[in-house]
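Here are the chains, one letter per residue:
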Amino acid sequence: MEKKSIKEIVLELEPEAEVRSEQPFTVWVPPYRIPLLAPRLRDDEALAFDFLVCMTGVDEGETLDVVYLLRSTRHGHEMVLRTGTSDRENPELPSVVEVWATANLNEREVYDFLGIRFINHPDMRRLFLRNDWVGYPLRKDYNADPAVNPVPLESEETVDVAPMYEAHVEGDNVDIEEKENVVFGDEEYVVNIGPQHPATHGVLRFRVQLDGEIVRKVDVNCGYIHRGIEKMTESLTYPQTLALTDRLDYLSAHQNRHALCMCIEEALGLEVSDRVKYIRTIMDELTRIASHLLFWSTFCMDLGALTAFFYGFRDREKILDMFEESCGGRLIMNYNTIGGVMQDISPNLAHRIKTFVKYLPPMLKEYHDVFTGNIIARQRMQGIGVLDYDAAVSNGVTGPSGRASGWSCDVRKKHPYGVYDRVEFDEVIRHDGDVWGRYMVRMDEILQSLRILEQLVDNIPQGEWQAKTKPVIKLPEGSWYRSVEASRGEFGVYIESRGEKYPYRMKFRSPGLPLISVVDPLARGGKIADLIAVGGSLDYVVPDIDR
Amino acid sequence: MNSFQRYITSFWSGLGSLLVGMKTTLKIFFRKKTTECYPENRATLVISDRYRGELVMPHDAENHHKCVACGLCEMNCPNGTIRIESEFVEDENGRKTKILRAYHYDLGSCIFCQLCVKGCPHGAIEFRNTFEHAVFTRSKLVKQLNHPGSSVVKKQ
Amino acid sequence: MFDFSVVTEWVDEGLRSWLPEGWVLPVEFFLIGLCLLVAYAIIALVLILYERKVCAAFQCRLGPNRVGPWGVTQSVADMLKMLTKELIKINHVDRFLFNLAPFIVIISSVLAFGCIPFAKGLEIIDFNVGVFFLLAVSSIGIVGVLLAGWSSNNKYSLIGAMRSGAQMISYELSIGLTILTMVVFSGSMQLSTIVESQAEGWFIFRAHVPAVIAFVIYLIAGTAETNRGPFDLPEADSELTAGYHTEYSGMHFGFFYLAEYLNMFVVASVAATLFLGGWMPLHIPGWDAFNAAMDWIPSIFWFIGKVAVLIFVIMWFKWTFPRLRIDQLLRLEWKYLLPINLLNLLLMVVVVVFGLHF
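Quantities reported herein were computed from a predicted structural model and do not represent experimental measurements. (Residues numbered from 1 in each chain as written. Chains lettered and ligands numbered in written order. Predicted model: local features only at pLDDT ≥ 70, side-chain atom pairs only at ≥ 80, totals over all residues.)

A.B. asks: Give a detailed account of the overall build of chain C, specifying residues and quantitative values.
C.D. replies: Each helix and strand in chain C was counted, giving 14 helices and zero strands. In terms of overall dimensions, chain C is globule-like: its C-alpha atoms have a radius of gyration of 21 Å, near the 21 Å expected for 358 residues. Along the first, second and third principal axes, the C-alpha set of chain C runs to 65 × 60 × 45 Å. Put simply, chain C has 358 residues, and 46% of those count as buried. The contacts in chain C between residues at least 6 apart in sequence include a share of 79% that link residues at least 24 apart. (Helix = DSSP H or I, 4+ residues; strand = E, 2+ residues; numbered from the N terminus. Rg over C-alpha atoms; globule rule 2.2 N^0.38 Å. Buried ≥ 20, exposed ≤ 12 C-beta atoms within 10 Å, placed from the backbone. Contact = placed C-beta atoms within 7 Å.)

Right, dumping it as structure tokens:
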């Protein structure tokens, strides 16, 4: 009933839509209809597709396509919207920034890698690559010869004007006018926070316009450690692609790999044993605790509480020891495989987890004594960088940061995977939306993760830890999207396969990109110190933004 | 009056929160320290068996390894870390067999994904939990895993 | 109790018998300056090690433990490293002011250091407005910080310097008022007199409530004066990388570094002198045996012990609290410390006028 109605409504709204598949419901719409259809999809009461989960550019050979995965936060249903252009010389598609704010950086990414210009996008600069980069890497006919793009010996000049393409429609005649938006004027006091800066948690660069101590505007420049993982995966076999997911958000290594494994398993129709599901869930939760502990440490350090930093690291070490014992790695665990896990868990793991579950709560109490309760810390957190519900959804800010804005977006609850449907835990939701809310959500999530671990650790069923797979894994033709709740938001994997042993297109929906897209609105009007607090509370990890 | 009251209470509660923090840090000041005194504690250091430090090729007492130079590990490696040099030799029955001449492994570019070990049909290679790999030049990280003069173990 | 003036007089007499009349004073000045600078350097090194060990203990670490037994020569090694480091020439800086700034900072802290009565008979600059002089010279440091921030031609440095200016000017007020409170009580601005008059009991006990309040405010404001955490906004490593000394390298950076520690020492010494009796042993009126026993401990140890405890407290602040934001910092001063301070001064006047003290 529900599913049919979506199809009906969409076809009613857009008669030219061409249904490509039913599950998931996919329609292809000609590009010029998008500016009309997109707002309707969002505003229609029955559809209410207010969340653009994942936006993927694909080079289909003849056409350059963009795939929008839409989800309704109210109804929970999903649909896929596709559009494309066959003009490879001058590809132009309409922008949906006005409808879904998260399209801002995503469209810039698509422009960067496929060369599709988005009409009416306010800022069509390249996002990751240098401005003088030749070619568009994710196109299939891209020339990867190092002679085309030699290693530059000079630093890139910062460009302060952003091109914008505006469409003027007069009857059937569409004029594209190129305009220039000024990012920073010549008179502005612009300070670089990054790329090498202690508070950016990696190689990220904020250009900050200051008025004394007050932040007026933040411009995010990323791409300093972009490794082209999505491009690399196109020439790797499926088992080989797994090794790269651990290197995206290295603090959610297990969860990222879990998502990719689930996506491939779904495509193969492979069922994993209960034991594997239990192990994966336990490892996911341990990763989450480790990540939140690290969040706590680095956040305290950003706020100048250097001692707290060491307490967090001291306790995270215990989780890393568990990983080392079972997985063989501490940071890059490399544990999930297609159909199971690399090796069975260590016999000590259960005991270690039980000890840890008892050990951590008193330590958390100390954390709260040292930092959370502190009047200085509280005043620096409360009421700072408020992200409201609508902005969170529109920007696609998932994970603890989204939940602090009152958005119930926990994939573990919404689309349970692993054994999350068999354990009791609460989705931590707060309605403050400020730095304090984001901080407290994470602190409370540690307790919930401990609760999950407590329930799982004694009940790991016997069974095999690796399902039988073919020696060469080929996915059938089609496209799949699976997501997990990674430590800092929804991490999704979108695979498009043409039936080969290499993926045709593999896209990672990183939770980090939406996070940095809200730094500007959150930090505006605050002090420099607030910018640092906002950045710390969003807890982005740069390799996850620069995939 | 109300704002004055708030002024006074916020002062005392703020001061209290600061004192709680100071009490906690002082408590930790006298607690046992967690620093690991490496390298003095080398003897007692626990590195779990599964820890992936480097790829090795175990040899038995007669200097035999199990590698038949099939090249699966080389194919499986996503990073081009393994390079196998092999040659064809005729055995006494006149049959040509492929034997391993040199197994080159570049520790510097290994991403420890375990696909080589998983893919090996003979269990000829494995990861070992050694971890002190610091060298002064990168070329020293390229290692030959088969020992000099070693040969593949004879099938019974 | 051992009086250090015995030593100084002996040296003076020795020199007078050895050297012609006109030479004695210059040689004495030179010797005093040398002793001062050597003491300055040694105290800075000891403090750096002390800080690193204390902070390590707060953070469940061992701290430096490789150079020498328990790492005691770590800061000596650091100093040697710093001395041999290159002073990097930076383009687009105001060279003269850039080079001048670290010297201003260090001169101000050396001058303030010279005022401190270390032990009985061991004080270098002692005259009737000693407290006033101390306040004046220690305020010169801010000029160096501002110059460093301005001349570096670096945006981080400039913001750091501006913050530093706002901070120091605000907290100077609190320092001045707390010291004034104690001057009202002691009735003298000469440091030696202030110490001598605490023979009957330290001011913090004798002037009870107002002295305790003044003491706490002095410690807070003193921490802010020295740009130490949680008031380290001018440096704010997670915001401004290193604030006003971002562009400095080698020994020029070293000067800022040493001055920071020495300023901490000066602040702690002044607190010890004004509130805890300086080098004066703990005396309780009526307990003669106890007082005699206390007198057995040399005055220099009393002084160092008090200063060490106070420095520990200042470090304890730094390694517990997060950094304040600039508006919190100013709010703390203008909305809390200053009004309390003024009321406290009034209270002290009442105490003195009506003789409500011990």
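Okay, back to it.
A.B. asks: Account for the overall build of chain A, naming residues and giving values.
C.D. replies: In terms of regular secondary structure, chain A is built from 18 helices and 17 strands. In summary, chain A has a C-alpha radius of gyration of 23 Å against a globular reference of 24 Å for 547 residues, a match within 12%. Each principal axis of the C-alpha distribution contributes one length, and for chain A these read about 70 × 60 × 55 Å. By sequence separation, contacts in chain A at least 24 residues apart represent 64% of the contacts at least 6 residues apart.

A.B. asks: Now, about the pairing of strand β12 (residues 214–221) of chain A: what can you tell me, with residues and values included?
C.D. replies: If a strand is regular, its side chains alternate between the two faces of the sheet. All names here are of chain A. Pairing analysis gives seven bridges linking strand β11 (residues 205–211) to β12, with the strands arranged antiparallel. Opposite Leu-210, over in β12, you have Val-215 as the bridge partner. Between β11 and β12, which pair antiparallel in sequence order, lie two residues; one of them, Gly-212, sits at a positive phi of approximately 70°. (Pairing = 2+ DSSP bridges.)

A.B. asks: How would you explain the pairing of β11(A) if you had to name every residue and give the values?
C.D. replies: Pairing between strand β10 (residues 189–193) of chain A and β11(A): five bridges, direction antiparallel. Within β11(A), the position partnered with A:Asn192 by the bridge is A:Arg207.

A.B. asks: Requested: an account of the domain arrangement of chain A, with residues and values cited.
C.D. replies: Residue and element names in this part refer to chain A. According to the domain assignment, chain A consists of domain 1 (2–143 + 166–181) and domain 2 (229–545). A straight line from the C-alpha centre of domain 1 to that of domain 2 covers 28 Å. Contact residues are listed per partner, giving 17 residues for domain 1 and 18 residues for domain 2. A per-element tally of the side of domain 1 that touches domain 2 places strand β3 (residues 51–59) first, with six residues. For the side of domain 1 that touches domain 2, a count of residues per class yields 11 nonpolar, five polar and one charged. (Domains from an automatic or database assignment. Nonpolar A, V, L, I, M, F, W, Y, C, P; charged D, E, K, R; others polar.)

A.B. asks: If you had to explain the packing of helix α6 (residues 155–186) of chain C against helix α14 (residues 326–353) of chain C to someone new, which residues and values would you point to?
C.D. replies: All names here are of chain C. In the contact formed by α6 and α14, the axes pass within 9 Å of each other and the chain directions differ by 10°. Here α14 runs roughly parallel to α6, going by the angle between their axes. Considering only the axes of α6 and α14, their crossing is left-handed. Partitioning the contact of α6 with α14 into residue classes produces 18 nonpolar, seven polar and two charged. (Axes fitted to C-alpha atoms, helices over the stretch in contact; angles between N-to-C directions. Parallel < 35°, antiparallel > 145°, perpendicular 65-115°, else oblique. Left-handed = near helix turned anticlockwise from the far one by under 90°.)

A.B. asks: Help me get a handle on the environment of A:Thr63, residues and values and all.
C.D. replies: All names here are of chain A. Mapped onto the fold, Thr-63 is located in the loop between β3 and β4 (64–71). Exposure remark for Thr-63: the 15 C-beta atoms within 10 Å place this residue in the partly exposed category. A C-alpha to C-alpha distance of 22 Å links Thr-63 and Arg-125, two positions 62 residues apart in sequence. Aside from chain neighbours lying at most four places away, what touches Thr-63 is Gly-84, Thr-85 and Ser-86.

A.B. asks: So what's going on with the sheet that holds strand β3 (residues 82–90) of chain B? Which residues, and what values?
C.D. replies: Residues and elements named next belong to chain B. One open sheet holds the three strands; their spatial order is β3-β4-β6, and the pairing between them is antiparallel. In this open sheet, the two edge strands, each paired with only one partner strand, are β3 and β6 (142–144). When the angles between neighbouring strand axes are averaged without regard to direction, this sheet yields 25°. Pairing of strand β4 (residues 96–106) with β6 involves three bridges; the strand directions are antiparallel. Counted as the bridge partner of His-104 is Gln-144 from β6.

A.B. asks: How would you explain helix α5 (residues 130–151) of chain C if you had to name every residue and give the values?
C.D. replies: Under the 1.5 Å per step criterion, the end-to-end length of α5(C) is 33 Å for 22 residues, consistent within 8% with the ideal 32 Å. Within two residues after α5(C), C:Asn153 carries a phi angle of roughly 60°, on the positive side. (Expected span 1.5 Å × (residues − 1).)

A.B. asks: Outline unusual backbone geometry, supporting the account with residue identities and numerical values.
C.D. replies: Omega for the bond connecting B:Tyr38 with B:Pro39 falls within 30 degrees of zero, at 5°, which places this linkage in the cis form. For C:Asn153, which is not glycine, the phi torsion reads 60° and is therefore positive. Within the secondary structure, C:Asn153 is located in the loop between α5 and α6.

A.B. asks: Go over the environment of A:Leu93 with me, naming the residues and quoting the values.
C.D. replies: All names here are of chain A. Mapped onto the secondary structure, Leu-93 falls in strand β6 (residues 92–94). Assessed through the 25 C-beta atoms surrounding it within 10 Å, Leu-93 is described here as buried. Residues Leu-93 and Asn-120, 27 residues apart in the sequence, show an inter-C-alpha distance of 9.4 Å. Once residues within four sequence positions are removed from consideration, Leu-93 is found in contact with Pro-31, Val-66, Thr-83, Thr-85, Ile-116 and Phe-118.

A.B. asks: Please set out the interface of chain C and chain B residue by residue, giving values where relevant.
C.D. replies: Contact with chain C, which involves 10 residues of that partner, is made by 11 residues of chain B. Tallied by class, the residues present in the side of chain C that touches chain B amount to eight nonpolar, one polar and one charged.

A.B. asks: Kindly report on the sheet that holds β11(A), identifying the contributing residues and their values.
C.D. replies: All names here are of chain A. The three strands are arranged β10-β11-β12 in an open sheet whose pairing can be described as antiparallel. Each of the sheet's edge strands pairs with one partner strand only, and the pair in question is β10 and β12. Neighbouring strand axes in the sheet, compared pairwise and without regard to direction, differ in orientation by 25° on average.

A.B. asks: Would you mind going over the interface of chain C and chain A in detail, with residue names and values included?
C.D. replies: With 21 residues of chain C in contact, the opposing surface of chain A contributes 26 residues. Those elements that place two or more of their residues in the side of chain C that touches chain A are α10 (237–240) and α14 of chain C. Here the residues of the side of chain C that touches chain A sort into eight nonpolar, six polar and seven charged.

A.B. asks: Before we move on, can you summarise the environment of A:Leu268 with the specific residues and values?
C.D. replies: Turning to its location among the elements, A:Leu268 is positioned in helix α6 (residues 253–268). For A:Leu268, a count of 18 C-beta atoms within 10 Å translates into the label partly exposed.

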